[in-house]
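Observations on the model geometry
Each chain, written out:
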Amino acid sequence: MPLQEVVEVNESVDLAPLDKVLDEYASERGAVIPVLQRAQEIYGYLPKEVLKHIAKRMNVPVSQVYGVATFYAQFSMMPKGRHTVEICDGTACHVRGAAQIIKVLEQELGIKAGETTPDRRVTLRVVFCLGSCALAPVAVLDGQIVGRLVPDKAARLVRELE
Ligand code: FES
């Protein structure tokens, strides 16, 4: 995803807490990953303004900060929803119909996997093997494993999220 496609969120970002973190790491060259981790703790995700500010303060190209942020799955450049739905598409889950569940949930929510609904109700993610293959296909709803999912049940569970 090119930098210009990073979601523009119409919110001003208070960079003061980030500046404190950057002060802590001022003498550490190459500390982009821990700074991004702290930034994500502060903002819940990594807004474009934050990435630019980190690049400026750490004196590294924005493309480098952006590259690190997109390389690691732990980082998100999208605002998170109040609920997170993770669908496993690892091998065991895939052969038991995970793709159909993902498709149904994308339709139900009107977003693609990896996105958050515009009202920030739900973030939908695809993950690979949650270590519960015996229960395939598996999802994690707000940290709770749900096994032996079928598309209808998945859609209903998501619909019930406030
Ligand atoms: S492949 Fe889905 S839990 Fe292992």
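Residues numbered from 1 in each chain as written. Predicted model: local features only at pLDDT ≥ 70, side-chain atom pairs only at ≥ 80, totals over all residues.

1. Describing the domain arrangement of the chain
The criterion, for reference: Marked domain ranges trace back to an automatic or database domain assignment.
The assigned domain composition of the chain is domain 1 (3-71) and domain 2 (83-159). Computed over C-alpha atoms, the centres of domain 1 and domain 2 are 29 Å apart.

2. Points about the nonpolar core
Which entries qualify depends on this criterion: The term nonpolar core refers to a group of buried residues, namely Ala, Val, Leu, Ile, Met, Phe, Trp, Tyr and Cys, whose C-beta atoms join them within 7 Å. Working definition of burial: number of other C-beta atoms within 10 Å of the residue's own, with buried at 20 or more, exposed at 12 or fewer, and partly exposed in between, all C-beta atoms being placed from the backbone. Strands are runs of DSSP state E lasting at least two residues, helices are runs of H or I lasting at least four, and both sets are numbered from the N terminus onward. Think of it this way: build a C-beta for each residue from its backbone, and any pair within 7 Å is a contact.
Among the nonpolar cores identified, the biggest contains 18 residues, and Val 85, Ile 87, Ile 101, Leu 105, Ala 139 and Ala 154 are the most heavily contacted of them. Listed by contribution, the elements that provide at least two residues to this core are strand E1 (83-88), helix H6 (98-109), strand E2 (122-127) and helix H7 (151-159). Considering every element that reaches this core, the biggest residue donor is H6, with six residues. Apart from residues lying up to four places away in sequence, Leu 105 is in contact with Val 85, Ile 87, Leu 124, Ala 154, Ala 155 and Val 158. With 14 residues, the next largest nonpolar core counts Leu 36, Ala 39, Tyr 43 and Leu 46 among its residues.

3. Some remarks on the sheet that holds E2
Formally: Following DSSP output, two strands are said to pair if at least two bridges run between them. Every axis corresponds to a line fitted to the C-alpha atoms, with the helix fit spanning only the stretch in contact, and the corresponding angles, defined between N-to-C directions, vary from 0 to 180 degrees.
Ordered in space as E2-E1-E3-E4, the four strands form an open sheet in which the pairing is mixed. With partners counted over all chains shown, the strands left at the sheet margins are E2 and strand E4 (144-146), one partner each. Taken over all neighbouring pairs, the strand axes of this sheet differ in orientation by 25° on average, direction set aside. Bridge count between strand E3 (residues 139-141) and E4: three bridges; the pairing is antiparallel. Residue pairing in the sheet places Val 140 in a bridge with Ile 145 of E4. Along the sheet, H6 makes contact with E1 and E2, crossing E1 at roughly 155°.

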